[in-house]
Amino acid sequence: MNKPLFRPVIFFVLKSLKQNSFSVCLSIFAVAVSVLLVLLISGVYQSSKSAFLLDQMNLNAVMGARSSPTQLVMNTFYHMDVSPGNLPYRYYTALKKDKRVTLAIPYALGDNYYGYRVVGTEEVIFDKPILKSGLLQFAEGSKFDQTKTGAVFGSQVANHLNIKLNDQINSFHGLDYNEDLKHNQIFTVVGILKPTQTPLDQVILIPLEAFYRTEGHVIRKNNEVIALNADEVIEDEYKEISAIMLQIDNLMAVLELKREANQFGKEATFAFLPEIVPEILDKIGWGVLVLEFVAYVVIFLAGLVILVGIYNGLSQRTSEFAILRALGASRKFIFFRIIGESEIIIFCGMTIGAILYLFSFFLLKGYFYQKTGVYLSFNEIPSMYYWLPSFLAGIGFVAGIIPALKIYRTDVSKIL
Amino acid sequence: MTIFVTHFNFWYHFVIRWSELQLYKYDNTAISSSNWYDIHFSNKKGILSVSFIKIDNLKKYYLKDGGKRLILNISHFQLERGEQIVLMGKSGSGKSTFLHVIAGLTKASEGACFINDVAIHQLSESKCDAFRGKNIGMIFQNYHLLPGLTALENVQASEILNGNTQTTNAKEILTRLGLADRLNDLPETLSAGQQQRVAIARALCLSPILILADEPTAGLDQENAKIVLNLLKDECKRLNACLILVTHDEFAKNQFAHNINLSELSKGIHE
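Throughout this description, residue numbers start from 1 for each chain and increase along the sequence as written. Following the order in which they are written, the chains are lettered starting with A and the ligands numbered starting with 1. Note on the predicted model: pLDDT of at least 70 is required for a residue's local features to be given, and 80 or more for side-chain atom pairs to be given and counted; whole-chain, interface and lining totals, by contrast, use all residues. Computation of side-chain values covers all heavy atoms of the structure but excludes hydrogens and water.

Things to note about the sheet that holds strand β9 (residues 258–261) of chain B
All names here are of chain B.
- Pairing between two strands requires that DSSP report at least two bridges joining them. Each helix corresponds to a stretch of at least 4 residues labelled H or I by DSSP, and each strand to a stretch of at least 2 residues labelled E; elements are numbered beginning at the N terminus. A sheet is described by the order of its strands in space; here five strands give the open sequence β6-β7-β8-β3-β9, paired in parallel fashion. Since the sheet does not close on itself, it has two edges, and those belong to β6 (136–139) and β9, each with one partner. Strand-to-strand twist of the sheet, defined as the mean angle between neighbouring strand axes without regard to direction, takes the value 20 degrees.
- Where strand β7 (residues 210–214) lies against strand β8 (residues 242–246), five bridges are found, and the strand directions are parallel. In the strand pairing of β8, alanine 213 is matched with leucine 245.
- A contact between two residues is defined here by any heavy atoms of the two lying within 4.5 Å. Note on method: axes are straight lines fitted to C-alpha atoms, helices fitted across the in-contact stretch only, with angles between N-to-C directions ranging 0 to 180 degrees. Along the sheet face, helix α7 (residues 192–204) touches β6 and β7 and points at about 165 degrees away from the line of β6.
- Seen against the sheet, helix α8 (residues 222–239) touches β3 (84–88), β6, β7 and β8 and runs at an angle of roughly 155 degrees to β8.

Some remarks on the packing of aromatic side chains
Residues and elements named next belong to chain A.
- Aromatic rings from Phe, Tyr and Trp, taking only the six-membered ring of Trp, are treated as a pair when their centres fall within 6.5 Å; an angle between ring planes under 30 degrees marks them as stacked, one over 60 as edge-to-face, and anything in between as tilted. Scanning the model with the defined rule gives 17 aromatic pairs over all chains in all.
- Measuring from ring centre to ring centre gives 4.9 Å for tyrosine 114 and tyrosine 177, while their planes differ by 40 degrees; the resulting arrangement is tilted. With tyrosine 114 in the loop between β3 (103–113) and β4 (116–121) and tyrosine 177 in the loop between β7 (168–173) and β8 (182–193), this residue pair connects regions lying 63 residues apart in the sequence.
- Buried residues are those whose accessible area, probed at 1.4 Å on protein chains only, stays under 20% of the maximum for their type, while exposed residues exceed 50% and partly exposed ones sit between those limits. On the basis of relative accessibility, which here comes to 39%, the residue tyrosine 114 falls in the partly exposed class.
- Exposure remark for tyrosine 177: the relative accessible area of 37% places this residue in the partly exposed category.

Concerning the pairing of strand β1 (residues 53–64) of chain B
Residue and element names in this part refer to chain B.
- Here eleven bridges tie β1 to strand β2 (residues 67–79), and the two strands are oriented antiparallel to one another. Bridging across to β2, lysine 64 finds its partner in glycine 67.
- Linkage of β1 to β2, two consecutive antiparallel strands, is achieved through a turn of two residues, within which aspartate 65 is found at a positive phi near 50 degrees.
- Here five bridges tie β1 to strand β4 (residues 110–115), and the two strands are oriented antiparallel to one another. In the sheet register, aspartate 56 faces β4, and the bridge partner there is alanine 112.

Details of helix α5 (residues 151–161) of chain B
- Taken across its eleven residues, α5 of chain B has eleven buried, putting it largely inside the fold.
- Listed as buried for α5 of chain B are Ala151, Leu152, Glu153, Asn154, Val155, Gln156, Ala157, Ser158, Glu159, Ile160 and Leu161 of chain B.
- Its buried side turned inward, α5 of chain B meets α1 (6–19), α9 (273–326) and α10 (331–372) of chain A together with α6 (168–176) and α7 of chain B.
- With its phi angle positive at about 80 degrees, glycine 163 of chain B sits one or two positions after the end of α5 of chain B.

Concerning the sheet that holds strand β5 (residues 118–119) of chain B
Residues and elements named next belong to chain B.
- Strand order in the open sheet formed by four strands is β2-β1-β4-β5, and the pairing between neighbours is antiparallel. Looking at strand neighbours, the two that pair on one side only are β2 and β5, the edges of this open sheet.
- Where β4 lies against β5, two bridges are found, and the strand directions are antiparallel. Following the sheet pairing, isoleucine 115 is matched in β5 by valine 118.
- Along the sheet, helix α3 (residues 95–103) contacts β1, β2 and β4; its crossing angle with β2, the most-contacted strand, is approximately 65 degrees.

Thoughts on unusual backbone geometry
- Even without being a glycine, asparagine 162 of chain A presents a positive backbone phi close to 55 degrees.
- Mapped onto the elements, asparagine 162 of chain A comes out in the loop between α6 (155–161) and β7.
- Judged by relative accessible area, asparagine 162 of chain A falls into the exposed class, the value being 52%.
- Located in the positive-phi region is serine 207 of chain B, a residue other than glycine, with phi close to 50 degrees.
- Among the secondary structure elements, serine 207 of chain B is positioned in the loop between α7 and β7.

Right, here's the structure in full:
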């Protein structure tokens, strides 16, 4: 006496969905949008958590002028904030020799090339493994000569500005592009880096010496600006840099340097990336929580749209269900048919939402990379990805159960 | 993919178990499998008669204004296999209720109803649904075709609902009823007569042993009414199925040799 359930349910559910295609499409759209929102918010947040730690780089700390550690990190690692000021070059020479420091790279900021930051640095950036994968690799050309005016372009800048080897460029003063602030100093492109999937892809590296000698940049001696002759050697004691990028492998050394610079020193600030990034993300964490909450509200609304859609149609469909009962359909069949409708809507919405998410993530990844050089990846999967399908199935079940129970309890003999 | 399969399995089993529980709670007339055996084969113990349809002391009340209103009161009724009768009666006399009780769509308040030795009044609702789907074809006054489904799909629906994997019978029966060229048309594009023929095809496609027709000629002109009635008579004869046709249309009544007035039936008279 047991009748098959699955095939008839699927047959009638598909027919019903086809018949009510407009409202079904609206419901699917609502679910898809809510799924997209939830996945995008949690996915991008989770992915940026690891992306902002710059795991691909062998640099995990920075020392710069007295400022907030967050500003220092944002300015030096992500090129997003203004430079907090300068630090005497002797800090670099001291840190270079410091046994607690694995790697130290000088960083002088203040110029741009069509909005991309120009970084004055030394050859050490090419000679030491600043990436986890090793040395910076060149797609074309080679590193600059410290004594000359060569420029090495990050892959993304070169690609975006269509830079070729031996191109001549003039940098612009300031961190934001302004045509009127063009420097006269000409740099020759001597190398283009391979993509590193770090913010280095978005900078132009030039020799520190050439950076100092670019007009508009000054050297101070006893707080007085001094004029530089072309062949005059700049003594280290008069040099200034924006920051020193550091790799420190020992956590005790991190604490010591932090104490020395931030607590006892007056000129410098020390920032440790794994400490600052969570702080920054925590600051936007509330915003993410609010967005996630909104996304869940949207999911509930989508569930409500399905519920209302099915429920409103019930009065018109009561006779249809009564006919089915007369044809031998059980209450169980009617029940599953309604639940099936809402579950299929949820499933379609979820699938479309997931596809839209993948598409949006790739778009956003490109945008993010272009703006910050931070490379979002799918490696970090938020835990919600595992339970979201069940949560949605539950929403579908709840959306279907109310109309299903209403029909379930209907006395068909009164309708026929 | 693994995540999806895990989630699907979980929800599939959850929903199945939950609904079974709900059905068990709801279906307060559920009977055990041993009872089912007794009912099915009780005639072998000499309890029941050999009549194809047998009704004894059947009463049906409806609750109204806090009291019970007696709709149906049939002391005795029986039909042999292949018999065709017309059931007459005034509006509100309980003709449709009588059909619904026989079909198991509603339970009798008192009394017994047997079809082919199966005690309909004792069957659990789910078993009754299954019995109805396999053995009883129903035809309604307003055709009651399923909207959004073509003529062919309407007939196939009945087959699919009742677990038939072969749906070729639907096409064959529609062709026999003269609708070969309207198979893929939606009900609203068919004439009243054609819609009723689709409804008849739907009722006949599973070769039922009993056809219950509730005002099948209502709304049809005499020509179409005659076509529909002849079709019903012929198909029931072909299938050796019983036909109980409810009508208050004199024309329809005159097409059949046997007719019963429900008010007389309530006194236990079977003409």
